[in-house]
Amino acid sequence: MPELSKRTETFTDSVIRRMTRISLQYGAVNLSQGFPDFEPPREILERLAQVSGEDFHQYSITWGAQNFREALAEKQSRRMGRTIDPNREIVVTCGSTEAMMAAMMTVANPGDRVIVFSPFYENYGADAVLSGAEPVYVPLVPPEFSFDPDRLEDAFRQRPKALILCNPSNPCGKVFTREELMLIADLAEKYDTFVITDEVYEHIVYEPNEHIYFASLPGMWERTISCSSLSKTYSITGWRLGYIIAPADIVDTAKKVHDFLTVGAAAPLQEAAVTGLRFGDEYYRDLRRRYTEKRNLFLKGLDDIGIAHTVPQGAYYVLLDISEFGYDSDLEFCEALARDVGVGAVPGSSFFREPVNHLIRLHFAKKEDTLCEALNRLENIRKML
Ligand code: GLN
């Protein structure tokens, strides 16, 4: 038989998605792959029911239905502080997973370097491999998960094509400060580099932290490819609705990449999601309040059990320190945790470039009951492991 592609030789399956399968296998409370177990907003679901009887069953315009792009442009113009052109500056994609891949393919040639902060969301590694780019990792150092500006400049000296910025950050929950973003901006300018953002947690930020869109920094619009999605904001991860916002010349190319990758996002779902995009500010305040409550409940539960953990400034992940359990492999620990304690987690090693083996990631995008059940089970952790 002929060989399979060299390109795919270096990556494994997604550990995050694998842990969901393992959780199902053991009937564990699945706090691994980050998705909610509560319902999306009722208004969106009601609109979805209506849409099935309307004329939205064929392809939409490949770079996104007009109605969706207009609603998105209006919402993001308010948030990002600039008028976004729905016709020239947006591509609607199948989740931000496709947005990031399309962005990478839009800018990178085989052999180009891209800067990735470590820890990082595991897809970026595969995005780099599939687009032929070579990641240059810069550590975010705990407990603040801050970066060393000299180390970052060293990475820029390697003349990367782009820097990938996940803000708020998965898995460490960091929300980059204006000073940090300005530092990155100055280097991006100095070394003439694109910045590809992943801002899917833009609305899940805990006070007093504040999300600043990289594209909104002085002079950064021109070189920023902003990727995000509706998954986390409206609790519709299965709908696979994401997007790229960028200057028209970049979007022109991204539209073509996207068209040949997937043709387009699901037309009926785009139409139904317009209802969410048109929500007022109250919706986002309420979302933040509800996630703040979940975070506080979950962190307090972990404190009561006495497990050391990060305190996220944004997104909905916590890293737990499992050093005391003496496992050599965090993957084995997570399997035992799912099997014997009944809680699904993601091994930290799947996020770090560095040889980190003492952390696991849990998420708290779950109903209060689910979080309490997980905490009840975790109370036995020292007996079981
Ligand atoms: N972003 C989510 C996580 O990190 C899941 C994303 C996915 O699996 N597509 O768990």
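Look up a bit, the structure's there.
The model shown is predicted, which means the values in this text are computed figures rather than measured ones.

Caption draft 1: Region of interest: the pairing of strand β2 (residues 90-94). For β2, the buried fraction is high: four of the five residues fall into the buried class. Summarising the sheet, β2 and strand β8 (residues 241-245) pair through five bridges and their orientation is antiparallel. By the bridge assignment for β8, T93 is matched with G242.

Caption draft 2: Inspection of the sheet that holds strand β11 (residues 346-347) at higher detail. Strand order in the open sheet formed by three strands is β9-β12-β11, and the pairing between neighbours is antiparallel. Looking along the sheet, the strands with just one partner apiece sit at the ends: β9 (317-321) and β11. Pairing of β11 with strand β12 (residues 359-363) involves two bridges; the strand directions are antiparallel. For V346, the partnering residue across the bridge sits in β12 and is R361.

Caption draft 3: Molecular detail of the site of the ligand. Residues in contact with the ligand, as listed here, are I16, R17, Q33, G34, Y121, N170, Y201, K232, Y317 and R361. With respect to the ligand, the side chain of R17 contributes an N or O atom lying 2.9 Å from an oxygen atom. In this structure, an oxygen atom belonging to the ligand sits 2.7 Å away from a main-chain N or O atom of G34. When the free accessible area of the ligand is taken as 290 Å², the share hidden by the protein chains comes to 87%.

Caption draft 4: View of the packing of aromatic side chains. All told, the structure shown has 20 aromatic pairs when counted by the stated rule. Ring centres of Y206 and F364 lie 6.4 Å apart, and the angle between their planes is 45 degrees; this geometry places the pair in the tilted category. Here Y206 is found in the loop between β6 (194-198) and β7 (224-229), whereas its partner F364 is found in the loop between β12 and α12 (368-378), with 158 residues between them in sequence. Residue classification places Y206 among the buried residues on the basis of a relative accessible area of 1%. Site record: aromatic cluster; members linked through ring pairs are F38, Y201, Y291, Y316 and Y317. Across from the ring centre of Y284, 4.7 Å away, lies the NZ or CZ of R79, which sits over that ring.

Caption draft 5: Representation of the side chain of E271. The topology assignment puts E271 in helix α9 (residues 267-277). Residue classification places E271 among the buried residues on the basis of a relative accessible area of 10%. With residues near it in sequence (within four places) discarded, E271 still touches R47, V51, F56 and N67.

Caption draft 6: Highlighting helix α1 (residues 15-26). For α1, which comprises 12 residues, the first-to-last C-alpha distance of 16 Å matches the rise-based estimate of 16 Å (1.5 Å per residue) to within 8%. Residues V15, I16, M19, T20, I22 and S23 constitute the buried set of α1. Projected down its long axis, α1 carries its buried residues within an arc of 165 degrees, all on one side. Turned more than 90 degrees away from the buried face of α1, the exposed residues are L24 and Q25. Residues of α1 that are buried make contact with β1 (29-30), α11 (330-341), β10 (343-344), β11 and β12.

Criteria and thresholds
Residues numbered from 1 in each chain as written. Predicted model: local features only at pLDDT ≥ 70, side-chain atom pairs only at ≥ 80, totals over all residues. Heavy atoms only, no water. Buried < 20%, exposed > 50% of the residue type's maximum accessible area, 1.4 Å probe, protein only. Helix = DSSP H or I, 4+ residues; strand = E, 2+ residues; numbered from the N terminus. Pairing = 2+ DSSP bridges. Near = heavy atom within 4 Å. Polar contact = N/O pair within 3.5 Å; in protein donor to acceptor, adjacent residues only side chain to side chain. Areas by Shrake-Rupley, 256 points an atom, 1.4 Å probe, with all protein chains shown as cover. Phe/Tyr/Trp six-rings, centres within 6.5 Å; stacked < 30°, edge-to-face > 60°. Lys NZ or Arg CZ within 6 Å of the ring centre and 35° of its normal. Contact = heavy atoms within 4.5 Å. Expected span 1.5 Å × (residues − 1). Arc of directions from axis to C-beta.

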